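Commentary on secondary and tertiary structure
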Amino acid sequence: MAVQAENLTPTIGSQVFCRPNDLLDPVVGGQLRQLLVERGVLVFRALHLEDEQQVQLAGMMGKLRPEGQKGIFKVTLDNEVNAQAEYLKGSFLWHMDGTHDDVPVFASLLTGRKLSQVGGQTGFANSYAAYEALPRDMKVRLEGLRVVHSFEVSMMRADVGRTDANVAYWRSIPEKTHSLVWTHQCGRKSLVIGCHASHVVGMNREESDALLAELLEWVTQPQFTYWHEWTPGDLLIWDNTGVLHRAEPYPFDSGRVMHRTTLLGEEAFA
Ligand SMILES: [Fe+2]
């Protein structure tokens, strides 16, 4: 079976048309992976995958990260379900997952189980396309620059409570330094930025803050972004290595629950 899909915007996102059983075929898994790398985000409307089906699909697209229960992690701000819910406030700001690792996660699959009445939309920004469209003099300026990424900085920007316990935890996650421009093994280039990008190595603070802010604004312009308005049962898959994402804020007591499966990274930042 060939995957039926259409572009959601010129630069990012494809909607895929299929039924759950169509997905559980290794050939389709391979086609979806290829489409994901090309388009950054895949959207399946009202697919209503069972957890086991989601984990099975993920396994055909890459290698599963062990997390949650049998590969399903529940994303929610409800403290009774997720003890670290407060940290999810960081997901309201543009970010990449895994900048505190050498090898960031490749992709995530997210099914909308319970939605918030207000907010909760998810935004995606194609950092491959945004880099490609940068003026040539900016590309030259960015060559060789390296950026320090800090979990503590991202939590402060997200306005997470600065308690002693929180600060101790944030600081237990070491800062990482990555090239600002990531040249992937396939030759494509993307920008490694987001709320976790603390500062450019060797640049004065003012200039560094201005450059990182300018780049984030550039990448998240409407022509490089797709915003998803959830309906129940939607499945979204995104390529974390070249796409920034964020959630529109929603109330802690909204009941919103998303079931996430994550694929391990396959390529180190470079
Ligand atoms: Fe995230």
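See the structure above.
To keep things clear, this report deals only with the structure shown in the data block.

Overview of the overall build of the protein chain
In terms of helices and strands, the protein chain carries eight helices and 15 strands. Against the 2.2 N^0.38 benchmark of 18 Å for 270 residues, the protein chain shows a C-alpha radius of gyration of 18 Å, consistent with a compact globule. Summarising its shape, the C-alpha atoms of the protein chain cover approximately 55 × 45 × 30 Å along the three principal directions. Relative to its 270 residues, the protein chain shows a buried fraction of 52%. For the protein chain, long-range pairs separated by at least 24 residues make up 82% of all intrachain contacts whose partners lie at least 6 apart in sequence. Summed over all atoms, the accessible surface of the protein chain reaches about 12600 Å², with 51% contributed by carbon and sulfur. Between the centroid of the 25 positive side chains of the protein chain and the centroid of its 33 negative side chains there is a distance of 2 Å.

A closer look at the side chain of T225
One can find T225 in strand β12 (residues 225-228). The class of T225 is buried, set by a relative accessible area of 9%. Here the side chain of T225 touches Q221 through a polar contact of 3.3 Å, landing on its backbone oxygen.

Structural notes on the packing of aromatic side chains
A complete count under the given rule lists eight aromatic pairs for this structure. Between the aromatic rings of Y87 and Y169, the centroid separation amounts to 5.3 Å while the plane-to-plane angle is 20°, which identifies the pairing as stacked. Here the residue Y87 occupies a position in the loop between β4 (73-75) and β5 (107-114), and Y169 occupies one in helix α7 (residues 164-171), the gap between them amounting to 82 residues. Taking relative accessible area as the criterion, Y169 reaches 30% and is therefore assigned partly exposed. Each ring, one from F92 and one from Y250, has its centre 5.5 Å from the other, and the planes form 70°; the classification is edge-to-face.

Details of the packing of helix α2 (residues 26-39) against helix α3 (residues 51-61)
Taken N-terminus to C-terminus, the directions of α2 and α3 make an angle of 70°; their axes are 8 Å apart at the nearest point. Considered as vectors, α2 and α3 are oriented roughly perpendicular to each other. In terms of crossing hand, the pair formed by α2 and α3 is right-handed. For the pair formed by α2 and α3, the contact residues are P26, G29, G30, L32, R33 and L36 on the first element and L57, M60 and M61 on the second. Classifying every residue of the contact of α2 with α3 by side-chain character gives six nonpolar, two polar and one charged.

Points about the environment of A210
With respect to the helices and strands, A210 occurs in helix α8 (residues 205-219). Overall, the relative accessible area of 45% leaves A210 in the partly exposed class. For the pair A210 and W170, spaced 40 residues apart in sequence, the C-alpha to C-alpha distance is 25 Å.

A look at the sheet that holds strand β15 (residues 257-263)
Spatially, β1-β2-β3-β13-β5-β15-β4 is the arrangement adopted by the seven strands of the open sheet, whose pairing is mixed. Where the open sheet ends on each side, the last strands, each with one partner, are β1 (4-7) and β4. The sheet shows a mean angle of 25° between the axes of neighbouring strands, direction not considered. In the sheet, β5 pairs with β15 via seven bridges, with the strands oriented antiparallel. Looking at β15, one finds that S108 is bridged to T262.

Here we look at the nonpolar core
Within the largest apolar cluster, 27 residues are counted, with the highest numbers of intra-cluster contacts made by L142, L180, L191, I193, L211 and L215. Secondary-structure elements contributing two or more residues to this core are α4 (127-132), α5 (136-142), β9 (181-183), β11 (197-200) and α8. Ranked by the residues each element gives to this core, the list is headed by α8, at four residues. If we ignore the near neighbours within four places in the chain, the residues touching L215 are L134, M138, L142, L180, L191 and I193. Residues V28, A107, I237 and L263 belong to the second largest nonpolar core, which totals 19 residues.

Focus on the pairing of strand β7 (residues 146-149)
Across a regular strand the side chains alternate sides, sitting on one face of the sheet and then on the other. As paired strands, β7 and strand β8 (residues 176-179) are joined by four bridges and run antiparallel to one another. Looking at the pairing, H149 lines up with K176 of β8. Direction of pairing for β7 relative to β11: antiparallel, over a ladder of three bridges. Bridged to V147 within β11 is V200.

Reading guide: rules and limits
Residues numbered from 1 in each chain as written. Predicted model: local features only at pLDDT ≥ 70, side-chain atom pairs only at ≥ 80, totals over all residues. Heavy atoms only, no water. Helix = DSSP H or I, 4+ residues; strand = E, 2+ residues; numbered from the N terminus. Rg over C-alpha atoms; globule rule 2.2 N^0.38 Å. Buried < 20%, exposed > 50% of the residue type's maximum accessible area, 1.4 Å probe, protein only. Contact = heavy atoms within 4.5 Å. Areas by Shrake-Rupley, 256 points an atom, 1.4 Å probe, with all protein chains shown as cover. Lys, Arg positive; Asp, Glu negative; His and termini not counted. Charge placed at Lys NZ, Arg CZ, Asp CG, Glu CD. Polar contact = N/O pair within 3.5 Å; in protein donor to acceptor, adjacent residues only side chain to side chain. Phe/Tyr/Trp six-rings, centres within 6.5 Å; stacked < 30°, edge-to-face > 60°. Axes fitted to C-alpha atoms, helices over the stretch in contact; angles between N-to-C directions. Parallel < 35°, antiparallel > 145°, perpendicular 65-115°, else oblique. Left-handed = near helix turned anticlockwise from the far one by under 90°. Nonpolar A, V, L, I, M, F, W, Y, C, P; charged D, E, K, R; others polar. Pairing = 2+ DSSP bridges. Core = buried A, V, L, I, M, F, W, Y, C linked by side-chain atoms within 4.5 Å.

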